[in-house]
Every structure is written in C-alpha cells, then in structure tokens.
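Residue-level listing of the chains:
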Amino acid sequence: MKARFTFGVMVSLLIAAPAWASINLNSSRSNVYRLTYPSDLVTPAQAKAILAELDKLGPADEAKLKQWLPANFKRFGIAGDRIKKLIVLPRDKEMKEIGIILLTKPEDEAAAIAVTVKSSKSNSSD
C-alpha cells in the first residue's frame, strides 16, 4: 500500500514538473499580425496598441518590422532592453497572419513559435 502511494506521488510529480517549467506566453492578433510575448513584458493593452499601429502600416517585411518594432517599444511603454530576441514569421500555409515573437529568454523560442503557429491555425475568428 505504501509503495503504491509513493509510486502515485512520483508519477504525479513527473506529470506536474513540465507544467511548472513552462513559459507563460500570451498571443494577440490583428487582421495582419499575430504578436506573441511573455506576460511579464507586455500587457494586453500594450499589445493591442502595437497591433493597431502595425495595422496602419499594413503588411511589412521582416527587415522593416525588425527596424520599426525596436524603434517604437519605448513609445508603447515596453522595456526594449529586456527583449533578447525578436522573431518575425512570414505568412504561409500554416500562418494566417505575420507572426511577431518577443522573447526575454531565447531558449523559449521553440515553444513561442509553436504557440504562435498553433494559435494562428486554430483562431480565425478572434
């Protein structure tokens, strides 16, 4: 009985451990762009404001976005110095919008890309 209980606790811990280690990413979208960001970096209101400005620009290429975004972070109240990596994902068959990912931890890149692509595929009516 004690061995089963111990085994159950161990299994529970192994299942729960990845959840504790997971990153907290939010995703917001506009008609043209999808923005994925850490929740401790950007608020939903800031994301909405950035997306509204980006919509005014219209579809832009990666080079233009990588220039425009850092130049405007301060204007939106975002600590640009905390952003360690900026990723732009073009539209394609998997992405309905142009994906923009802001990372404070570069090691979160794979998870952030997965969240962005998955959200774009499954969320056509936001």
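The text that follows walks through the structure, step by step, so that each part is easy to find.

1. What about the overall build of the chain?
And step 1. Counting secondary structure elements, the chain contains 4 helices and 4 strands.
And step 2. N-terminal to C-terminal, the α/β element order of the chain is α-β-β-α-α-β-β-α.
And step 3. Scored against the burial criterion, the 126 residues of the chain give a buried share of 37%.
And step 4. Intrachain contacts of the chain at a sequence separation of at least 6 include 48% that bridge at least 24 residues.
And step 5. Total accessible area on the chain stands at roughly 7,800 Å², and carbon and sulfur atoms take up 59% of it.

2. Comments concerning the environment of Ala47
And step 1. Structurally, Ala47 is set in helix 2 (residues 44-57).
And step 2. For Ala47, a relative accessible area of 0% translates into the label buried.
And step 3. Considered as a pair, Ala47 and Ile78 are 31 residues apart in the sequence and their alpha carbons are 9.7 Å apart.

3. Description of the pairing of strand 4 (residues 98-103)
And step 1. When you tally the buried positions in strand 4, you get 6 out of 6 residues, the bulk of the element.
And step 2. Of the two faces of strand 4, the one lined by Ile98, Ile100 and Leu102 and the one lined by Gly99, Ile101 and Leu103 are each fully buried.
And step 3. For strand 2 (residues 33-38) and strand 4, the ladder comprises 4 bridges, and the chain directions are parallel. Counted as the bridge partner of Arg34 is Gly99 from strand 4.
And step 4. Where strand 3 (residues 85-89) and strand 4 come together, 5 bridges link them in antiparallel fashion.

Scoring rules and cut-offs
Counting restarts for each chain: residues are numbered from 1 in the order of the written sequence. With pLDDT at 70 or above as the cut-off, local features in this predicted model cover only qualifying residues; side-chain atom pairs require 80 or more to be listed or tallied, and sums for whole chains, interfaces and linings still use all residues. The side-chain figures draw on all heavy atoms in the structure; neither hydrogens nor water molecules are used. In DSSP terms, a helix is any run of H or I states spanning at least four residues, a strand is any run of E spanning at least two, and both are numbered starting from the N terminus. Only protein chains enter the accessibility calculation, which uses a 1.4 Å probe; a residue is then buried when its area is under 20% of its type maximum, exposed when over 50%, and partly exposed in between. Any two residues whose heavy atoms approach within 4.5 Å are treated as being in contact. Accessible surface area values rest on a Shrake-Rupley calculation with a 1.4 Å probe, where residue burial reflects the displayed protein chains alone. Two strands are counted as paired when DSSP detects at least two bridges linking them.

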